[in-house]
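Coordinate inspection notes
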Number of protein chains: 2
Amino acid sequence: MNVLEPQRTIAELKELRALTGDENGAQRVAFTPVWAAARRWLWAKLESLPVEIHTDEAGNLWATLHGESEKALLIGGHIDSVPNGGWLDGCLNVLAGVEILRRISTQYDGKPPITVRLVDWADEEGARFGKSLFGSSACSGNLDLEEARGLIDKNGIPLTEALHDYGIDLETAKNCGKELENAAAYLELHIEQGPVLLDLDLPLGTVLGTFGVERHAITFHGQAAHSGSTPMNRRKDALLAAAHMSPEIYEITDRNGGVCTIGSCNTKPGIVTSVVEECRITLDQRHLDAPALNHMLHEAQAASRRFAGEGNVQVSWERLWQIEPIPFHNTLLDFCDEAITETCGVAHRLPSGPLHDAAEVARAGVPTIMMFVQSLHGISHNKIEDTKEEHLEMAVIAFDKLADKTMKWLTQ
Amino acid sequence: MNVLEPQRTIAELKELRALTGDENGAQRVAFTPVWAAARRWLWAKLESLPVEIHTDEAGNLWATLHGESEKALLIGGHIDSVPNGGWLDGCLNVLAGVEILRRISTQYDGKPPITVRLVDWADEEGARFGKSLFGSSACSGNLDLEEARGLIDKNGIPLTEALHDYGIDLETAKNCGKELENAAAYLELHIEQGPVLLDLDLPLGTVLGTFGVERHAITFHGQAAHSGSTPMNRRKDALLAAAHMSPEIYEITDRNGGVCTIGSCNTKPGIVTSVVEECRITLDQRHLDAPALNHMLHEAQAASRRFAGEGNVQVSWERLWQIEPIPFHNTLLDFCDEAITETCGVAHRLPSGPLHDAAEVARAGVPTIMMFVQSLHGISHNKIEDTKEEHLEMAVIAFDKLADKTMKWLTQ
């Protein structure tokens, strides 16, 4: 009875790559012609299934296999990519979802006990306008309209205009929230984009949730002074205080778990003949546990004040962004472990560092789970992004098992 | 018989400030109209003395009080300033020199036993074209013509063109080296531009020489990686390795003396969501002792390799500039101590971190000495640069004593 063909998913992924990629990688940037071509290609695939297809007010594409009950199992991903992106990021999930829709509609003769819906979210990456999760955050209600109205791309084109070209009115985009009315569970498969499964030599992993993020700019204010005439003990060296933060964040993660990154460092006046007057660094802190994240932030703040005091400089903090940790659903975590164990013997749970559309769906209160498949090189957002074909096959099989278990749970 | 009037020097400094400064400080940038106005004003002052005045092939202004012997005592400084500069940097020396010429010509009825010459070097600061010591390095023979031919200001005007406007031909500038033919000693008074005398509460100091300088760019090469999905122990964080260098340079100077400065830090890709792939810092190291300077450099290189190895990143070094230490003349050091002790009771010897025209004259083999006067706030190249008037008076008196002692030594 099981007609799942994982090899078909791999073939379709290659077909999509040939259609929408070039020698630099995937080029399916949302709200561009290549993305639209990918969407038309997906739409044509779906038309051979007994599903109702439409795009919602935010440009998300929905394919609905109506069941005995309106209660809906959602399978979601995104066909859009970053420029010069990988061939699997986002679309693996969409095409695995297509295959699962095929299996379910065949198995239940077009009428499963509950409704099953595939969603292709619009502009997960935010590559063009610098703001990710457009479609899913519109759907969850978290989209900041005020901010979105001001977004422009590098050519000065406003997001509103790009949306308009694809029939979307920003002002009514959040009306698509109604799509979640009957949603009872949400499943998302994704490549890991990190090296955890690779290092463990495991094909698949159960995602515990997405990290909460605290993102700050930290500026140390010292005093410019001539590099030749200023004795070392007279200096107010903003760089020295900032530099102490770099090893400190490794100690903070040793104590607390999670990850911390200082991604940039800027110096003023920034010339070879002057002690640094002002040094600005950016700190990104992530943890799956909200109190732990908060504790990491306080440790970093205390350390910065200590280093500033020791170096006779001042320090100021500015919050750039934050989001709370989003843990996934306990029952679905168990189903995901089971599906993986049945497919390849060993399950492993890991958090997701990057955000995903799944985080928005979870924030909207829908029981949510993600499954990760191993990423070769631990790298994503790059044309060298890849996953072994045997792991892709296992991913489709395990993800289908997860869908089956979830559907049975929802049918009870 | 002593007709030295230090108050007249202070009055003339104020007159020059009123003529060539504004609310932002001194504006006597070399090869500009304000600088030329300062020069004309100086020329007029000198014309009341029995001196021969001319500018040489590099634009240096010489006022010569011919003596019984052609053997010459030189007193030198620079009337040019940085933009928005201090009122004393450079011109204190020129005007103290004018006062000393007055005293000597009066004392010896216009014919001292040896020749005494005041020189106002052209473009000590290098503020407009980014290369300091133009006139004095032309005179010493160290000017790099190849480099000078390529210098342009921020408006794209070549140095050669700016020189031409003031009657100077770059190609023949180094012919001015003949001015040093009979030079037997060179004296230079300058504000300290640092806080050493201020911290010691001393008005005057004897300058041991100018620091040698090793100036390098150090680049650490790691790997960019997603700040959310990359475990801490998998990172090749170029910033972490570079950050370790910042406290390290303080330990290097603790062990070796001298000064070290990391003046700039640049990160690539330099975004909040990525581990730093490449981090470039500049290191400026200075010491009066050549072997010690060399040792400091080797310590920094070894440390950089150690940090790179610990952090699993690569490191490369690029020399930006170097100059050897230039120690001043032993006999003149003693004379300078004596002159200071006789004037204000306590002498103190200190190195000069910044370079000065005196370094070029010393490199040309002329016995050379500098005297420093305390700088309030320890700050220079700034409109708040200042020195107490009582200290300016002491400086003129002690510098005159130094000139007198040196002349007697040369007359023996």
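Each helix and strand in chain A was counted, giving 12 helices and 15 strands. For 412 residues, the compact-globule estimate of 2.2 N^0.38 gives 22 Å, and the C-alpha radius of gyration of chain A, at 24 Å, lies within 12% of that figure. Along the longest, intermediate and shortest principal axes, the C-alpha atoms of chain A span 85 × 45 × 40 Å. The proportion of buried residues among the 412 residues of chain A is 59%. A sequence separation of at least 24 residues applies to 79% of the contacts in chain A between residues at least 6 apart. Carbon and sulfur atoms provide 48% of the accessible area of chain A, an area that totals close to 15,200 Å².

What follows concerns the interface of chain A and chain B. Each side of the interface is counted separately: chain A has 48 residues, and chain B has 51 residues. Taken together, both faces of the contact between chain A and chain B bury some 4,000 Å²; the carbon and sulfur share is 61%. Considering only the surface of chain A that becomes buried against chain B, M232(A), Y250(A) and V272(A) emerge as the three largest contributors, covering 17% of it. Put simply, chain A and chain B have two salt bridges between them. Of the charged contacts, one joins R234(A) and D199(B) as a salt bridge, the two residues approaching to 2.2 Å between their closest N and O atoms. Put simply, chain A and chain B have 14 residue pairs in polar contact (both at pLDDT 80 or more) between them. Of all the secondary structure elements, the ones that give two or more residues to the side of chain A that touches chain B are α7 (196-200), α8 (238-256), β10 (259-268) and β11 (278-287) of chain A. Among the residues making up the side of chain A that touches chain B, the classes are represented as 20 nonpolar, 21 polar and seven charged.

All names here are of chain A. Mapping G150 onto the fold places it in the loop between α5 (145-149) and α6 (159-165). Using a relative accessible area of 54% as the deciding quantity, one classes G150 as exposed. Considering only alpha carbons, one finds G150 and I79, 71 residues apart in sequence, at a separation of 25 Å.

What follows concerns the domain arrangement of chain A. All names here are of chain A. Taken domain by domain, chain A comprises domain 1 (6-210 + 325-410) and domain 2 (212-323). Its C-alpha centre places domain 1 at a distance of 37 Å from the equivalent point of domain 2. Opposite the 11 residues of domain 1 that make contact, domain 2 presents eight residues. Summed over both sides, the interface between domain 1 and domain 2 buries roughly 700 Å², with carbon and sulfur atoms accounting for 73% of that surface.

The next subject is the state of the cysteines. A full pass over the atoms with the stated rule returns zero disulfides over all chains. Free cysteine C91(A): the closest other cysteine sulfur is in C336(A), separated by 19 Å. Here C260(B) is not cross-linked by a disulfide; its sulfur's nearest cysteine counterpart is in C265(B), at 16 Å. Among the residues examined, C260(B) registers a relative accessible area of 0% and is labelled buried.

Moving on, we come to the relation of the copies chain A and chain B. Structural alignment of chain A on chain B gives an RMSD of 0.1 Å, achieved by rotating through 180 degrees and translating 0.1 Å along the axis. The transformation relating the two chain copies, once decomposed into turn and shift, fits a two-fold axis. For chain A, the smallest separation between a C-alpha atom and the rotation axis is recorded for A243(A), amounting to 2.3 Å. Interface overlap between copies is the fraction of interface residues in one copy that are interface residues in the other; for chain A against chain B it reaches 100%, indicating a shared surface.

Reading guide: rules and limits
- Residues numbered from 1 in each chain as written.
- Chains lettered and ligands numbered in written order.
- Predicted model: local features only at pLDDT ≥ 70, side-chain atom pairs only at ≥ 80, totals over all residues.
- Heavy atoms only, no water.
- Helix = DSSP H or I, 4+ residues; strand = E, 2+ residues; numbered from the N terminus.
- Rg over C-alpha atoms; globule rule 2.2 N^0.38 Å.
- Buried < 20%, exposed > 50% of the residue type's maximum accessible area, 1.4 Å probe, protein only.
- Contact = heavy atoms within 4.5 Å.
- Areas by Shrake-Rupley, 256 points an atom, 1.4 Å probe, with all protein chains shown as cover.
- Buried area = accessible area lost by both parts, 1.4 Å probe.
- Salt bridge = Lys/Arg side-chain N within 4 Å of Asp/Glu carboxyl O.
- Polar contact = N/O pair within 3.5 Å; in protein donor to acceptor, adjacent residues only side chain to side chain.
- Nonpolar A, V, L, I, M, F, W, Y, C, P; charged D, E, K, R; others polar.
- Domains from an automatic or database assignment.
- Disulfide = S-S within 2.5 Å.
- Least-squares fit on C-alpha atoms with pLDDT ≥ 70 in both.

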